[in-house]
Amino acid sequence: MIYPTILCGGSGTRLWPLSRKSYPKQFVPLLGEETLFQASVKRLTGPGFAAPLVLTNSDFRFIVTEQMTEIGVDPGAILIEPEGRNTAPAVLAAALHLQARDPDAVVLVAPSDHAIPDSEAFRAAVQRGLAAVERGQIVTFGIPPTRAETGYGYLELAAAPDDSGAPVDLRRFVEKPDRARAEEMLAAGTYLWNAGIFLFRAADMVAAFEAHAPDVLAPVRAALADAYPDLGFLRLTEAAWAEAPDISLDYAVMEHLSTLAAVPFAGEWSDLGGWDAVWQAGPPDDAGTVLSGAATAIDCQGSLLRSESEGVELVGIGLEGVIAVAMNDAVLVADMSRAQDVKQAVTALKARAAPQAVQFPKDHRPWGWFETLALGPRFQVKRIVVHPGASLSLQSHHHRSEHWIVVQGTAKVTVDDKVQLVTENQSVYVPLGAVHRMENPGKLPMVLIEVQTGAYLGEDDIVRYQDIYARGQGAKG
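What counts, and where the lines are drawn
Residues numbered from 1 in each chain as written. Predicted model: local features only at pLDDT ≥ 70, side-chain atom pairs only at ≥ 80, totals over all residues. Heavy atoms only, no water. Domains from an automatic or database assignment. Contact = heavy atoms within 4.5 Å. Buried area = accessible area lost by both parts, 1.4 Å probe. UniProt positions renumbered as here; feature names shortened; annotations may be inferred. Helix = DSSP H or I, 4+ residues; strand = E, 2+ residues; numbered from the N terminus. Buried < 20%, exposed > 50% of the residue type's maximum accessible area, 1.4 Å probe, protein only. Pairing = 2+ DSSP bridges. Axes fitted to C-alpha atoms, helices over the stretch in contact; angles between N-to-C directions. Expected span 1.5 Å × (residues − 1).

A.B. asks: For this particular structure, what's the right way to read the domain arrangement of the protein?
C.D. replies: Accessible area lost on assembly of the parts is the figure often given for the size of an interface. Under the domain assignment, the protein is made up of domain 1 (2–264), domain 2 (282–339) and domain 3 (362–466). The gap between the C-alpha centroids of domain 1 and domain 2 is 32 Å. Facing the seven residues of domain 1 at the interface are nine residues of domain 2. Each partner contributes to the roughly 650 Å² buried at the junction of domain 1 and domain 2, and carbon and sulfur atoms together form 59% of this total. Among the residues of domain 1 in contact with domain 2, Trp16, Pro17 and Leu18 are the three that bury the most area, contributing 60% of the side total.

A.B. asks: Please explain the UniProt feature "domain: Nucleotidyl transferase" (unreviewed entry) in the protein as it appears in this structure.
C.D. replies: Within this numbering scheme, the UniProt entry marks residues 5–282 as carrying the feature "domain: Nucleotidyl transferase" (unreviewed entry). For residues 5–282, the end-to-end C-alpha separation is 28 Å, with 35% helix and 21% strand making up the annotated structure.

A.B. asks: Looking at this model, I keep getting lost on the side chain of Lys25. Mind explaining?
C.D. replies: For Lys25, the position within the fold is in the loop between β1 (2–7) and α1 (36–43). Of the residues examined, Lys25 reaches a relative accessible area of 7% and is grouped as buried. Beyond its immediate sequence surroundings of up to four residues, Lys25 is in contact with Leu15, Ser19, Leu30, Leu36, Asp113, Asp271, Leu272 and Gly273.

A.B. asks: Quick question: what am I supposed to make of the pairing of strand β23 (residues 411–415) here?
C.D. replies: Among the five residues of β23, four are classified as buried, and the element is accordingly described as predominantly covered. Where β23 lies against strand β24 (residues 418–422), five bridges are found, and the strand directions are antiparallel. Bridging from a neighbouring strand, Val415 pairs with Lys418 of β24. Direction of pairing for β23 relative to strand β26 (residues 436–439): antiparallel, over a ladder of four bridges.

A.B. asks: What should I look at first to understand the sheet that holds strand β22 (residues 400–408) in this one?
C.D. replies: Adjacent strands of a sheet pair through backbone hydrogen bonds, lying either parallel or antiparallel. The strand order β18-β19-β20-β27-β22-β25 describes an open sheet built from six strands, whose pairing is antiparallel. Looking along the sheet, the strands with just one partner apiece sit at the ends: β18 (362–365) and β25 (427–430). Going across the sheet, the axis of each strand differs from the next one's by a mean of 20 degrees, ignoring polarity. One ladder, built from four bridges, connects β22 with β25; its direction is antiparallel. From the neighbouring strand, Glu402 faces β25, where its bridge partner is Val430.

A.B. asks: For this particular structure, what's the right way to read helix α4 (residues 119–134)?
C.D. replies: An α-helix turns once per 3.6 residues; consequently, residues spaced three or four apart project the same way. Look at α4: 23 Å from first C-alpha to last across 16 residues, which is about the 22 Å you get at 1.5 Å a residue. Turning to α4, its buried residues number three or more, namely Ser119, Phe122, Arg123, Ala125, Val126, Gly129, Leu130, Ala132 and Val133.

A.B. asks: For this particular structure, what's the right way to read the sheet that holds strand β17 (residues 331–335)?
C.D. replies: With mixed pairing, four strands are arranged side by side in an open sheet as β12-β14-β16-β17. Edge positions in the sheet fall to β12 (290–292) and β17, since each has one partner strand and no second. Strand-to-strand twist in this sheet, taken as the mean axis angle between neighbours without regard to direction, amounts to 5 degrees. Across three bridges, the pairing between β12 and strand β14 (residues 304–307) is parallel. Looking at β14, one finds that Ser292 is bridged to Arg306.

Given below as structure tokens:
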């Protein structure tokens, strides 16, 4: 039995504006109707695989469960990291957790945001790696390079791989090279792109940390020992976790080991690390331009045009090698050769305190989501969608009153001591300071328009009294 472990953090700033800190690329349907996270879960589900273990953060925990439920996969444990500390602490936490469950556990660690269309071929590559794992080796997976790519790290092999795809001893990890070095490695035939996927016995990984990274092992072990359940999640303790170094798995232990092997995976793969990678994933038209959503290309070549919002028409005329991504609150236009520099736009927007730098237009919550339709001095208009059977917290506000108009479904509304059902085309008023709650008692999504008026309209003006999602106080809890 293989225990798949999915790492589900990160902000994906190179795919801004579609990927943002509040809703990063793994949760977005970049290459089809499924999100990258959902595709990753399905790829690691089936015969020979245990239920997936997911490591994520507090803000994403309900998105993870919701997206897994949508594809009919019951999650295994979901470990909540108090803060991002890079891949070494996360992988170690998974290894320790699974070793306690099964001393002989074989663990497959994979990112949640890679595109691997041929799931069967990938699972076959995993099976080929098991023989090396049984010999006590830690296995990583690499992609035979097709070009002199400078945006990926590499794996140097002890020998050139053969056509069987069998594991090859790994000599060392190589950082992202410059163009000349990348061309040398491509010509050598003994290098693979580093896919950041690992297969190992949990006991072997723990032993590697004991030998080479005890400063990581001690705090992670303490954070897991004192972990506590929160609804269906397992929260690692904050104080101990904060003591763990912020370090990648490669730097912490992998570069120090001599018992490593790499499995070549010749199938299609992309880490979708920039809009140029999304363009390469296609499919292109006859002029090499890739369109998505309400996008139109006129005499465009080798470009990417994406409209990511309903009602926003994106038209390109005479473009060559251009990235254009339009949303209702932000637009990106960039030369294709500068795709890796998109993160600089995020940095610049953060410096201006622009909310578009980190905040996705749709704010996802465990009960559903909302988006702002209009915002002005002392007023805000939102569209709110509440899942069937879901409920917002019982709450009040110090600085605003609210009007709710139901446009789809039926809302069960509490305002102080009054509870009523509000149906389509009906409205209810929530005075400033009133204790109130909204629920969807139906079997279909409930949609309403909320009009807020007041001196302060921030999401942190919430006092929670009851909440079925145990979020505590604050904007999201």
